[in-house]
Amino acid sequence: MCGIIGAVGRGADTLDVLVHGLSKLEYRGYDSAGVALADESIDVCKKAGEIDELRAALEDRSIDGSVGVGHTRWSTHGPPTDENAHPHQDCSGDVAVVHNGIIENYQELRDELVSAGHTFRSDTDTEVVPHLVEEQLRGGADPEAAVRAAVSRLEGSYAVAVVIAGIEEIFAARNDSPLVLGIDDGAPRGPDRPNGDKPRGGAYYLASDVPAFRDHTDRVVYLDDGEFTVLGSDGWRVTTLAGEPVEKTVDTVDWDPEETGKSGYDHYMLKEIHEQPRSLRQSLSERVDELGGRVDIGDLADLNPRGVQLVACGTSYHAALYGAELFRQAGIPAQAFRASEYATSPPPIGDALVVGVTQSGETADTLSALREAQRRGARTLGVTNVVGSTVARESDHVFYIRAGPEIGVAATKTFASQLASLNLLALGLTSTDSTREIISSLRDLPGQVQEVLDGSGAQAVAETYLESDAYFFIGRELNYPVALEGALKMKEITYKHAEGFAAGELKHGPLALVTNQTPVFAIVTGDDELAQKTIGNVKEVEARDAPVIAVTDGQSDVERYADHVLRVPETHPRTAAVLANVQLQLVSYHTAALLDRSIDKPRNLAKSVTVE
Amino acid sequence: MVDTAVVLAAGEGTRLRPLTRNRPKPMLPAANRPILEHVLDALVEAGTDHVVIVVGYKHDRVQNHFGPTYRDVPITYARQNKQLGTGHALLQAREHVEGPMLVVNGDCLIDSALVQDVCAAFDRGGGEPTLAVLEGPDARQYGAVTLRDGFVQEIIEKPQVDEYRLINAGIYAFDDDIFEAIDATPREDGELALTDTLARELERGRIRGVETDGLWVDASYPWDLLVVAAKILDHGLADEPERDERVWVDETAIIHDDATLQPPVVVGPDCEVGPGAVVGPHSALGRNVTVGANATVVNSVLDVDTRVEVGSTLLETVTGQNVRLGPCSVVSGGPADVRVGNEVFEDEELGAVIADRVRAEGNVGFAPGSLVGPNAHLDTGVTVDGQVRESAEVRR
């Protein structure tokens, strides 16, 4: 779970381009970072810590070259140290490599290289790659052939990029880790000439994700597994690892680079919480017709699933739980599975549609689960935020949640858009009597989220319970995933202990944890039997002196038993869950802000988890 | 060339209450988009390539609407936590500005011609403060200006007499030494007005005034939003594709084949208009507005997420966001005497102003000139008259 970047054709700007790209990739991991620039020799600078550490180190030394690669790391092999930071080099120092993924046979390769006389400087799996290249070069291979030969020895997942002294090219390959090329055939090259000419030429980029070079070009080529690419200042080409040419299409991405600014907010997370009205509007636009009582999900409407299995991890898993309930309500057998377990021990699939829910579309566990389903002949549907992501390309069908880029590691607006999108899918793939009523509540949702944002009392709640031992969240049915998600947000960004429980399970165990130091957030919307049962559970915890925070639309009398109330507008139970979640996002955010946590980049976490 | 603009958008605009309960005046609708969006359009079209927006009152609503860029122009937000006057607001932008800048109000509709006139005059001069001067609106509400040979003679804030022809449009070009001039201006009642600084500058040197006939429309009171919308429609300033002559409809809106759109009218994204409904003339539907079957909307501005159910009739109505008007609600239109606090405005063309998130169940009547506060709940069959408080429950 790391980020890589490479650039060629930018002349003296190369270093700036790399460092800027790394800052855009920091969400993928940030415990160390480094760059390598090549001209006649290779200069490497790498540091443990955030990218600012690297910037500081670069100020003390001059490092240049017209082709280079960079890396931001999130440790899987070896602790975050300067030595373990990428790029890694061979013995001669003429080869530098950055890598994202896990090389499974590295121990074997390392033993072989050590016995051939190579000296290793780091604990990483990656370092085998430069030594393998060096070995090939020593054997007389030309640079491209040397890299091909080295990469073909690797087993496991990788996006790997290599620069070699004296060669103005980058060699790269992908297998099970994301890699995308940026194409700019007319980039500025160096300062204006004295006669006023602006020298231009081709500039080419590669990266784990588009934002790394989106400021320079919007034309991209997505590499597929088993492909190899060579980028030079005069062009780019893609082949198979064996060298067969591959025809690639150049896509245009439309995300605005400046979308990654904080627009006046202290944190991306708060910005993204406040963006939810807008992102929900994008998710729903042109997909609902209230007066006609129809949703438009395109060709997907013809899928007619007899059963649905949703696979996902983390926040997306909570969305999957919610989605499964929607399908069940429409009479379709449906279940959510943890992708990390589905891949290795899948249930009987039968003729179920397998739906992978992943914000990034690169989540390794979810990808494995979908691939396993495909291997067993199942139809797959990816529900993702990232156009052109691996899940989008590999699934039989794709549905985009259209939330726009999310930078904060803790998912907020993408969760809301996942819930909205799963509603659209459930309506479009099944038939129900209450379509118009649900569409109406979906169309009201963006404005109601704004209403919650305009008047939330979450900050006061956060202040009141800042010193608590633990935070518990309870809910039933559609509000159960919200309870889980409320607890996950709290864990992720405050580092406080938090758990979500199905309200009915409390008295079967977790109630033993409840004290006057453990506030319980109870999500109670509507006033039906379900709500009344949850209120019964609220009375159980209230009787044990636990502070109760009711997240409610005010229809039931739960407020009588609550110390605090976080109010949401009255609406359909499906959208009430989204609104309740917004309140809980704000409670976590304000708690973390009061504790001065690293909200956008919590410790030990990365945005998209591209390792299993 | 002045390419940085500072937009002042921190004040609430209290005279626009109750519509400003949840957002500042710049975010109120000019036809179907916020006033501030039109202001930014004018700046972008005039060549501005960096905008600093000074935000304060309900700043989230500005920030989450525009985000980090507008039409590819980067936006920086500066916070004015206490609204202590326009000079104080401009000071908050100081660290984000270098060299000459435009300064405009975010709550007053302008077009790019006006911005270009000020820029051109400033570029011709030697860096003197430059301001736009307009003929037309009542100078007693604004600041009067007298000019001679392109230079300002006098600036008179809200003059008592009706003898001035020209007003200060509140659009300026300054060099960055304006910040020092504001620093040096003594506060009046704790406030720092930009016009106080200009009055001092006038004693020490010259201020350029450029007479312009660009578009300039200010909304002083809620019902003025009807006038603003009419101006926009009459000037053809709607952004949506023109489906028929002066009928502008966003591609994502769904208009039933049996609905009638009477020009001039604009329908925003994601709107739905049902069979038999009539919308227009001089009406604007903001994003995601629903007009049910057989409802009629004439001379009205319905803001984002408003829902008008079957058979309702709205004349000369301004709604806030997320307003629900149940079946067969009727606003029968002005003229009316409108009471705001202790003031009475006579013969205004106003049916009703219905603020954010008001919920009217079915068959609710609104007497001419009604002002309904946010979150009020109007039960089935009631008739409201005059002012209804925020969150009031009105029952029969």
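Residues numbered from 1 in each chain as written. Chains lettered and ligands numbered in written order. Predicted model: local features only at pLDDT ≥ 70, side-chain atom pairs only at ≥ 80, totals over all residues.

- Chain B is annotated in an unreviewed UniProt entry as Bifunctional protein GlmU of Halapricum hydrolyticum.

- Chain A carries the name Glutamine--fructose-6-phosphate aminotransferase [isomerizing] in an unreviewed UniProt entry, which gives Halapricum hydrolyticum as its organism.
- Its UniProt record, at the heading Function (unreviewed entry), says of chain A: "Catalyzes the first step in hexosamine metabolism, converting fructose-6P into glucosamine-6P using glutamine as a nitrogen source."
- According to its UniProt record, chain A has this under Subunit (unreviewed entry): "Homodimer." (UniProt positions renumbered as here; feature names shortened; annotations may be inferred.)

**Comments concerning the overall build of chain B**
Stage number 1. Along chain B, the regular secondary structure elements total seven helices and 40 strands.
Stage number 2. For 396 residues, the compact-globule estimate of 2.2 N^0.38 gives 21 Å, and chain B sits close to it at 22 Å.
Stage number 3. Once the C-alpha set of chain B is aligned to its principal axes, its extents read approximately 65 × 45 × 35 Å.
Stage number 4. Looking at chain B as a whole, 58% of its 396 residues are labelled buried.
Stage number 5. For chain B, contacts bridging at least 24 residues in sequence account for 51% of all contacts bridging at least 6. (Helix = DSSP H or I, 4+ residues; strand = E, 2+ residues; numbered from the N terminus. Rg over C-alpha atoms; globule rule 2.2 N^0.38 Å. Buried ≥ 20, exposed ≤ 12 C-beta atoms within 10 Å, placed from the backbone. Contact = placed C-beta atoms within 7 Å.)

**Regarding the UniProt feature "domain: Mannose-1-phosphate guanyltransferase C-terminal" (unreviewed entry) in chain B**
Stage number 1. The sites that UniProt annotates as "domain: Mannose-1-phosphate guanyltransferase C-terminal" (unreviewed entry) are residues 262-364 of chain B.
Stage number 2. Between the end C-alpha atoms of residues 262-364 of chain B there is a gap of 25 Å, over a span that is 0% helix and 44% strand.

**Focus on the confidence of the model for chain A**
Stage number 1. For chain A, mean pLDDT is 90; residues scoring 70 or higher make up 94% of the total.
Stage number 2. Across chain A, the secondary-structure element scoring lowest on mean pLDDT is strand E9 (residues 180-188) of chain A, at 83, and the one scoring highest is strand E17 (residues 308-312) of chain A, at 98. (pLDDT = per-residue confidence, 0-100.)

**Some words on the sheet that holds strand E40 (residues 393-394) of chain B**
All names here are of chain B.
Stage number 1. Spatial strand order, E17-E20-E23-E26-E29-E34-E37-E40: eight strands in an open sheet with parallel pairing. Each edge of the sheet is formed by a strand with only one pairing partner; in this case those strands are strand E17 (254-255) and E40.
Stage number 2. Two strands pair when backbone bridges link them, and strand E23 (residues 290-291) and strand E26 (residues 307-308) are joined in this way by two bridges, in the parallel orientation. The residue bridging valine 291 from the neighbouring strand is valine 308, located in E26. (Pairing = 2+ DSSP bridges.)

**Here we look at helix H2 (residues 59-66) of chain B**
Residues and elements named next belong to chain B.
Stage number 1. A large share of H2 lies buried, amounting to seven of its eight residues.
Stage number 2. Among all positions in H2, only His59, Arg61, Val62, Gln63, Asn64, His65 and Phe66 are buried.
Stage number 3. Phi turns positive, to about 65°, at glycine 67, one or two residues after H2.

**As for the confidence of the model for chain B**
Stage number 1. Confidence in the prediction of chain B, expressed as mean pLDDT, is 91, and 100% of residues score 70 or more.
Stage number 2. Interface confidence for the predicted complex, given as ipTM, is 0.89, next to a pTM of 0.80.

**Section: the domain arrangement of chain B**
Residues and elements named next belong to chain B.
Stage number 1. For chain B, the assigned domains read domain 1 (4-218) and domain 2 (236-394).
Stage number 2. Placing the centre of domain 1 and that of domain 2 at their C-alpha centroids yields a distance of 31 Å.
Stage number 3. Facing eight residues of domain 1, the contacting portion of domain 2 comprises 17 residues.
Stage number 4. Grouping the amino acids of the side of domain 1 that touches domain 2 by side-chain chemistry returns four nonpolar, two polar and two charged. (Domains from an automatic or database assignment. Nonpolar A, V, L, I, M, F, W, Y, C, P; charged D, E, K, R; others polar.)

**Re the pairing of strand E1 (residues 3-8) of chain A**
Residues and elements named next belong to chain A.
Stage number 1. Within E1, six of the six residues are buried, leaving the element largely enclosed by the surrounding structure.
Stage number 2. Neither face of E1 is exposed, since Gly3, Ile5 and Ala7 on one face and Ile4, Gly6 and Val8 on the opposite face are all buried.
Stage number 3. Judged from the six bridges that link them, E1 and strand E4 (residues 67-73) form a sheet pairing that is antiparallel. Bridged to valine 8 within E4 is valine 67.

**Considering the environment of Leu484(A)**
All names here are of chain A.
Stage number 1. Along the polypeptide, leucine 484 turns up in helix H15 (residues 479-494).
Stage number 2. Put simply, leucine 484 and alanine 498 are 14 residues apart on the chain and 9.2 Å apart in space, counted from C-alpha to C-alpha.
Stage number 3. If near-sequence neighbours (up to four positions away) are discounted, leucine 484 is found in contact with His318 and Gly500.

**Considering unusual backbone geometry**
Stage number 1. Of note, the amide linkage connecting His86(A) to Pro87(A) takes the cis form, showing an omega dihedral of -5°.
Stage number 2. One can find Pro87(A) in the loop between E4 and strand E5 (88-89).
Stage number 3. Between Gly280(B) and Pro281(B) the backbone carries a cis peptide bond, its omega angle lying at 0°.
Stage number 4. Looking at the secondary structure, you find Pro281(B) in the loop between strand E21 (278-279) and strand E22 (283-285).
Stage number 5. Here the phi dihedral of Glu286(A) falls at roughly 65°; this positive angle occurs in a residue that is not glycine.
Stage number 6. Tracing the sequence through the fold places Glu286(A) in the loop between helix H7 (276-284) and strand E15 (288-289).
Stage number 7. The class for Glu286(A) is partly exposed, based on 13 C-beta atoms found within 10 Å.
Stage number 8. Although it is not a glycine, Ala31(B) sits at a positive phi angle of roughly 60°.
Stage number 9. Inspection of the secondary structure puts Ala31(B) in the loop between strand E2 (29-30) and strand E3 (33-34).
Stage number 10. Ala31(B) sits in the buried class, given 29 other C-beta atoms within 10 Å.

**Comments concerning the interface of chain B and chain A**
Many structure descriptions define interface size as the accessible area lost when the parts assemble.
Stage number 1. Facing 24 residues of chain B, the contacting portion of chain A comprises 23 residues.
Stage number 2. Of all the secondary-structure elements, those providing two or more residues to the side of chain B that touches chain A are H2 and strand E6 (73-79) of chain B.
Stage number 3. Considering every element that reaches the side of chain B that touches chain A, the biggest residue donor is H2(B), with three residues.
Stage number 4. Among the residues forming the side of chain B that touches chain A, the class breakdown is seven nonpolar, 12 polar and five charged.

**Focus: the domain arrangement of chain A**
All names here are of chain A.
Stage number 1. Once the domains are mapped, chain A shows domain 1 (3-259), domain 2 (261-442) and domain 3 (456-612).
Stage number 2. Inter-centroid distance (C-alpha atoms) of domain 2 to domain 3 is 23 Å.
Stage number 3. Residue assignment for the side of domain 2 that touches domain 3 shows that the elements contributing at least two residues are helix H6 (268-274), helix H8 (314-329), helix H10 (364-375), helix H12 (413-429) and helix H13 (435-455).
Stage number 4. Among the elements that take part in the side of domain 2 that touches domain 3, H8 stands out by supplying six residues, more than any other.
Stage number 5. Each residue belonging to the side of domain 2 that touches domain 3 can be placed in one class, and the counts come to 16 nonpolar, 12 polar and four charged.

**Topic: the packing of H8(A) against H12(A)**
Residues and elements named next belong to chain A.
Stage number 1. Where H8 meets H12, the axes come as close as 9 Å, and the angle between the chain directions of the two elements is 25°. One element, H8, and the other, H12, form an angle in the roughly parallel class. The handedness of the crossing between H8 and H12 comes out as right-handed. Here H8 contributes Thr315, Ser316, Ala319, Tyr322, Gly323, Leu326 and Phe327 to the contact with H12, which in turn contributes Phe415, Gln418, Leu419, Leu422, Asn423 and Ala426. (Axes fitted to C-alpha atoms, helices over the stretch in contact; angles between N-to-C directions. Parallel < 35°, antiparallel > 145°, perpendicular 65-115°, else oblique. Left-handed = near helix turned anticlockwise from the far one by under 90°.)

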